Amino acid sequence: MNKPRSSPALDDYAPLVGTGTIEELRFFAEHLKGKRLVMVNSTRVGGGVAEMLARLVPLMNELGIECRWEVIHGNPDFFRVTKAWHNAIHGAPVRLSATDVDIYMQTNRKNAETINLDADVVAIHDPQPAALIDLKKNGDARKWVWRCHIDASHPAPGVWDFLSSYVERYDASIFSLPAFAKQLPIPQYLFFPSIDPLTEKNRILTEEEVEAVLERLGIPRDKPYILQVSRYDRLKDPIGVYRAYKIAKETNDIRLVLAGGSATDDPEGAEVLREVREAVGNDPDCHVLELPPDANHEINALQRGATIVLQKSIREGFGLTVTEALWKGKAVVAGAVGGIPAQVLHGVTGLLCHTPEGCAYQIRYLLANPKERERLGKLGMEWVRSEFLVTQNLRRWLLLLHALEYPTERLITR
Ligand code: UDP
C-alpha cells in the first residue's frame, strides 16, 4: 500500500517515546511480515475509531504487515438503527424490532457481496458491520476479531442478545477497558485506544498558529475560555457543560467554547446542536462552533488555547478528546464515566466530576489555582505518553497477531 507523503514514519516517534519502544515494535513485527490484516468499520471520518485507524493502518504497513481499511456503506435508515443499537449497548432501553433487524441484515448482506475481506485476519469494528461474520464458513483459514469500542458491560438485553449471537462466532474480541467487557465464550483482549502525537490534531503548534485559529473562529483572547470538543450528542452533555459554565461564570469572567460537528453515522447531531443553541441564547461569551469533519488544526488550536478542557460526558466510550487534551498538558475536568477515569486519575492527571455543579466547582478551583493546572497538565501528558499513544496501540495489535497464531486464553493488558 502506498503511504501518503504526509504520513509519519515509525522513527519519527522516537523523540516522543524513545528508541527502545521503536526497536521493540520492529522486533515484534519481524515474524509477522507479509501477514494480511483488514480493518472494517462504518465511517472514514468523524469519531474516535476512524481517527485511530487512519494512523494505525500506515504504521502496520511500514512494519511489513499488509493492512487494509474497508468501510461499509449504509443508508440513513441503517445508521439510524445502528445509532439506536449503539445507545442500547450503552444501556438505553431500546427495543429490538423486526424491521430494524431487517434493515441491519440487508445492509450487512449487501456489503458482504462487495467488500474485499481477503486476508489472514479480519478485524471488524463495532456493531455496524458485526454480521459480516456470516461470511465465515467452516474451515475458513481467516481469523475473525471483533473490536468493540463501546462500553458493552450493561447493554439492553434484546439488542445485545441479537448482536452477541454474531459476536460469539468470532475467534476473539477486543474491548477498550476491562469494565467495558461482556462475558463471552471467545477470548477477550483489552486494548486502550490511542492518539497520534504527530497528526495535525496533536502536533505542537506555535502561539501564533493558535492565535490565528482563534481569531478566525471569532474567539477573543480577552479572558480565559473553557472548552468542550465533542459531537453534538446528548451523552456528551453539552447542556450540562453550559450549566457548569453559568455557575462558574458567577465568580469568574470566562468564555465557553463548545466545538463539534456531527459524524456521518450520527443523525441526531443536528437536533442536539439546535437544543444547545437555544439554551445558550445570545450570551456573547458563549461560542457554539460547528466544525467540518477535517477541522483537526482548529481542534488542536482550540485545545491548546483553552485554560481548562472539559469532557462532561454522561456516558462515554473511551473519550479520545480527553486523551488529546491531556497530551497537550491541559488541566482537564471530565465526567467519571466510561474510559475517562482510566485517563483522568482524580487529583493526579486531572479532576473528575459527576454533575454540572461538581463540574463548576472543579472549574472554579482550577481557575483560582494556576500551579495546580500546570501540575495536573504535566502529569496528564506523561500518563498519555506511557499508555495512550499510537505506538502502544500498535504494540498491542502486533501481540494480538502473534496470539492469534499461537492461541492462548491469556489477556493482553499492556
Ligand atoms: N472530533 C472531531 N470533530 C468534532 C468532534 C470531535 O474531529 O467536531 C474528534 C475528537 O477530536 C476526537 C474524536 O473526534 O478525536 C472523538 O472521539 P471520542 O472518543 O472523544 O468520542 P466519540 O465521538 O468517538 O464518541
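See the structure above.
This is a predicted model, so every value here is computed, not measured. In this numbering scheme, every chain counts its residues from 1 along its sequence in written order. Local features are withheld for residues below a pLDDT of 70 in this predicted model, meaning they are given only at 70 or higher, and side-chain atom pairs are given and counted only at 80 or more; totals for whole chains, interfaces and linings count all residues. Derived side-chain values reflect all non-hydrogen atoms in the structure, with water molecules and hydrogen atoms excluded from consideration.

Peer 1: Could you clarify how one ought to interpret the overall build of the protein in this entry?
Peer 2: Counting from the N terminus, the helices are the DSSP runs of H or I reaching at least four residues and the strands are the DSSP runs of E reaching at least two. Within the protein, the regular secondary structure consists of 15 helices and 12 strands. Reported as C-alpha extents along the three principal axes, the dimensions of the protein are approximately 65 × 55 × 35 Å. Look at the contacts in the protein between residues 6 or more apart in sequence, and 72% of them connect residues 24 or more apart. The protein chains shown are the only cover counted for residues, whose accessible areas, like all others here, come from Shrake-Rupley with a 1.4 Å probe. For the protein, the exposed surface amounts to about 17500 Å²; the carbon and sulfur share of it is 52%. The convention is simple: Lys and Arg are positive, Asp and Glu are negative, and His and the chain ends are not counted. Think of each charge as sitting on NZ of Lys, CZ of Arg, CG of Asp or CD of Glu. Here the protein holds 50 positive side-chain charges and 54 negative ones, and the gap between their average locations is 2 Å. The contact rule is simple, with two residues in contact once any of their heavy atoms fall within 4.5 Å.

Peer 1: What exactly am I supposed to notice about the packing of helix H5 (residues 98-114) against helix H6 (residues 157-167) here?
Peer 2: Each pair of packed helices can be summarised by the angle the axes make with each other and by the distance between the axes. Taken N-terminus to C-terminus, the directions of H5 and H6 make an angle of 25°; their axes are 12 Å apart at the nearest point. It follows from the interaxial angle that H5 and H6 lie roughly parallel. Along this stretch, H5 crosses H6, giving a crossing that reads as right-handed. Where H5 approaches H6, its residues Val101, Tyr104 and Met105 are matched on the opposing element by Phe162, Leu163 and Tyr166. To define axes, lines are fitted to C-alpha atoms, for helices over the stretch in contact only, and angles between the resulting N-to-C directions are given on a 0 to 180 degree scale. The cut-offs work like this: below 35 degrees is roughly parallel, past 145 is roughly antiparallel, 65 to 115 is roughly perpendicular, and the gaps in between are oblique. Handedness of a crossing follows from how the near helix is turned relative to the far one, being left-handed for an anticlockwise turn of less than a right angle and right-handed for a clockwise one.

Peer 1: For this particular structure, what's the right way to read the site of the ligand?
Peer 2: A molecule or strand has a residue near it when one of that residue's heavy atoms lies within 4 Å. Around the ligand sit 15 residues, and of these Arg231, Lys236, Gly261, Leu320 and Glu324 come closest. Distance and chemistry together define a polar contact, namely a pair of N or O atoms within 3.5 Å, with one atom able to donate a hydrogen and the other to accept it when in protein, and with adjacent residues in sequence counting only for side-chain atoms on both sides. Separating an oxygen atom of the ligand from a backbone N or O atom of Gly261 is a distance of 2.7 Å. Within the backbone of Leu320, a nitrogen or oxygen atom sits 2.8 Å from an oxygen atom of the ligand. In the complex, the protein chains occlude 90% of the 530 Å² of accessible area that the ligand would expose alone. Of all the elements in the fold, those that place two or more residues in the shell around the ligand are helix H3 (48-62) and helix H11 (320-327). In terms of residue count, H11 provides more of the shell around the ligand than any other element does, three residues in total.

Peer 1: Looking at this structure, how should I read the nonpolar core?
Peer 2: Soluble globular proteins: nonpolar side chains tend toward being buried together. Judged by nonpolar contacts, the single largest core of 117 residues is most densely connected at Met39, Tyr104, Leu302 and Trp397. When residues of this core are assigned to their parent elements, the largest contribution, nine residues, is made by helix H15 (residues 390-405). Ignoring sequence-local partners within four residues, the contact set of Met39 consists of Leu53, Leu56, Val57, Met60, Cys67, Arg68, Trp69, Glu70, Ala123, His125 and Trp397. The next biggest cluster of nonpolar side chains, apart from the first, holds 28 residues, and it includes Tyr232, Ile254, Val276 and Ala360. The set of buried Ala, Val, Leu, Ile, Met, Phe, Trp, Tyr and Cys residues whose side-chain atoms join them within 4.5 Å is what this entry labels a nonpolar core. Summary of the burial criterion: residues with accessible area below 20% of their type's maximum are buried, those above 50% are exposed, and those between are partly exposed, where the area comes from a 1.4 Å probe applied to protein chains only.

Peer 1: Teacher, can you tell me more about the pairing of strand E8 (residues 255-260) here?
Peer 2: Along any regular strand, the residues point their side chains to alternate faces of the sheet. In terms of burial, E8 is a largely internal element, six of the six residues being buried. Residues Arg255, Val257 and Ala259 line one face of E8 and the alternating positions Leu256, Leu258 and Gly260 line the opposite face, and both faces are buried. When DSSP locates at least two bridges between a pair of strands, those strands are taken to pair. Two elements, strand E7 (residues 225-229) and E8, share five bridges in a ladder whose sense is parallel. Bridge pairing in E8 links Leu227 to Val257. A crossover gets the label right-handed when its path from the first strand over the helix to the second runs clockwise, viewed with the strands pointing away from the viewer. The β-α-β motif built from E7, the intervening helix H8 (residues 238-249) and the parallel element E8 has right-handed crossover chirality. Summarising the sheet, E8 and strand E9 (residues 286-290) pair through five bridges and their orientation is parallel. Paired with Leu258 across the bridge in E9 is Val288.

Peer 1: Can you help me understand helix H14 (residues 370-387) in this one?
Peer 2: Along an α-helix, a turn takes 3.6 residues, which lines up residues three or four apart on a common side. Take the residue count of a helix, subtract one, and multiply by 1.5 Å to get its expected span. Taking 1.5 Å per residue as the helical rise, H14 with its 18 residues ought to reach 26 Å, and the 26 Å between its terminal C-alpha atoms agrees with that figure. Contacts made by the buried residues of H14 are with strand E10 (308-311), H11, strand E11 (331-335), strand E12 (351-353), helix H13 (356-368) and H15.

Peer 1: In this structure, what is going on with the side chain of Ser313? I would like to understand it.
Peer 2: With respect to the helices and strands, Ser313 occurs in the loop between E10 and H11. Since its relative accessible area comes to 3%, Ser313 is described here as buried. Within the local environment of Ser313, its side chain forms a polar contact with the side chain of Glu316, the two groups lying 2.7 Å apart. Beyond its immediate sequence surroundings of up to four residues, Ser313 is in contact with Leu235, Lys236, Gly335, Val337 and Ile340.

Peer 1: I'm lost on the state of the cysteines in this one. Help?
Peer 2: Any two cysteine sulfur atoms within 2.5 Å of one another count as a disulfide. Under the counting rule described, the total for this entry stands at zero disulfides. Here Cys148 stays unpaired: no disulfide links it, and the sulfur of Cys67, its closest cysteine neighbor, is 19 Å away. With no disulfide of its own, Cys359 lies closest to Cys353 among cysteine sulfurs, the gap being 4.1 Å.

Peer 1: Is there a simple way to explain the sheet that holds strand E1 (residues 36-41) in this structure?
Peer 2: Whenever strands of a sheet pair, they do so through backbone hydrogen bonds, lying parallel or antiparallel. Ordered in space as E2-E1-E3-E4-E5-E6, the six strands form an open sheet in which the pairing is parallel. Sheet topology places strand E2 (66-71) and strand E6 (188-190) at the edges, where each strand pairs with a single neighbour. Taking the axes of each pair of neighbouring strands and ignoring which way they run, one obtains an average angle of 20° across the sheet.

Peer 1: What exactly am I supposed to notice about helix H10 (residues 296-305) here?
Peer 2: Taking burial as the measure, the 10 residues of H10 include nine buried ones, the bulk of the element. Of all the residues in H10, the buried ones are His297, Glu298, Ile299, Asn300, Ala301, Leu302, Gln303, Arg304 and Gly305. Elements in contact with the buried residues of H10: helix H7 (207-216), E7, E8, E9, E10 and H11.

Peer 1: Quick question: what am I supposed to make of the pattern of salt bridges here?
Peer 2: Charged atoms that come close allow side chains of opposite charge to pair. Whenever a carboxyl oxygen of Asp or Glu lies within 4 Å of a side-chain nitrogen of Lys or Arg, that contact is scored as a salt bridge. Following the criterion strictly, the structure yields 40 salt bridges and no others. As a salt-bridge pair, Glu24 and Arg395 come within 2.9 Å of each other at their nearest N and O atoms. Here Arg395 lies in helix H15 and Glu24 lies in helix H2 (residues 19-29), a separation of 371 residues in the sequence. Given the relative accessible area of 19%, Arg395 is considered buried. With a shortest N-O distance of 3.3 Å, Lys33 and Glu30 are connected by a salt bridge. Residue Glu30 is classed as partly exposed on the basis of its relative accessible area of 45%.

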